[in-house]
Amino acid sequence: MRKSTVTTILLIAAIVAIVGIALVVDSRRSGDEERFVGTDSAATSRIEEDHPDYQPWFQSVFAPTSSEVESGLFALQAALGGTVLGYTIGALRGRRRNDSATTATSS
C-alpha cells in the first residue's frame, strides 16, 4: 500500500476511536442531567446554584424558542465557519502552487 493510503486509513481509524471513546465515557454518566450539554449551560446552572441572588448584567438579544432551534443555529454557524476556513486554506494552497509554478517556469 502507498503511504498516503495508510495515513488515510489510520486517520479514519483514529477519528472513529475518538468518537467511540467519547460515546462510551458519556454513556456511563448517571443522573437526569442533559447529555452533551454545553459549557454555557453548565456554567449558568453552577452560578445559579452557588449564588441564587445573582443578576445578569444584560439580557440576550435573541433567545431560541427550543433546544432544536438552538442546535440548528449552532450547526449552521459551524458549517459557515468550516466553509470559510476550507475556502481560505484552499485559496492559500492554490496561491502557493501558482507562485511555485511561476517561479519554476521563469527560471
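**Q** Is there a simple way to think about the overall build of the protein chain in this case?
**A** Helices and strands together make up the secondary structure of the protein chain, namely three helices and zero strands. Listing the helices and strands of the protein chain from first to last along the sequence gives α-α-α. Counting every position in the protein chain, which comprises 107 residues, the buried fraction comes to 1%. Accessible surface for the protein chain amounts to roughly 10,200 Å². Of this, 62% is attributable to carbon and sulfur atoms.

**Q** How should the pattern of salt bridges be read in this particular structure?
**A** Pairing between side chains of opposite charge can happen when the charged atoms of each approach one another. As enumerated under the stated definition, the model contains one salt bridge in all. Put simply, arginine 46 and aspartate 50 hold a salt bridge, and the shortest N to O gap is 3.0 Å. With a gap of four residues between them, arginine 46 and aspartate 50 both fall in helix α2 (residues 39–50), about one helical turn apart. Look at arginine 46 and you get exposed, because its relative accessible area is 52%.

**Q** What is the right way to look at a nonpolar patch on the surface in this model?
**A** There is a patch of nonpolar side chains on the surface, built from Val61, Phe62, Val69, Leu73, Leu76 and Leu80 and spanning about 620 Å² of accessible area. Since its relative accessible area comes to 40%, leucine 73 is described here as partly exposed.

**Q** In this structure, what is going on with the confidence of the model for the protein chain? I would like to understand it.
**A** The predicted coordinates of low-pLDDT regions are not to be read in fine detail. In this model, the protein chain carries an average pLDDT of 86, and 90% of its residues clear a pLDDT of 70 or more. When mean pLDDT is compared element by element in the protein chain, helix α1 (residues 3–27) scores highest at 91, while α2 scores lowest at 84.

What counts and what doesn't
Residues numbered from 1 in each chain as written. Predicted model: local features only at pLDDT ≥ 70, side-chain atom pairs only at ≥ 80, totals over all residues. Heavy atoms only, no water. Helix = DSSP H or I, 4+ residues; strand = E, 2+ residues; numbered from the N terminus. Buried < 20%, exposed > 50% of the residue type's maximum accessible area, 1.4 Å probe, protein only. Areas by Shrake-Rupley, 256 points an atom, 1.4 Å probe, with all protein chains shown as cover. Salt bridge = Lys/Arg side-chain N within 4 Å of Asp/Glu carboxyl O. Patch = residues over 30% accessible without salt bridge, like charges linked within 9 Å, V, L, I, M, F, W, Y side chains within 5 Å. pLDDT = per-residue confidence, 0-100.

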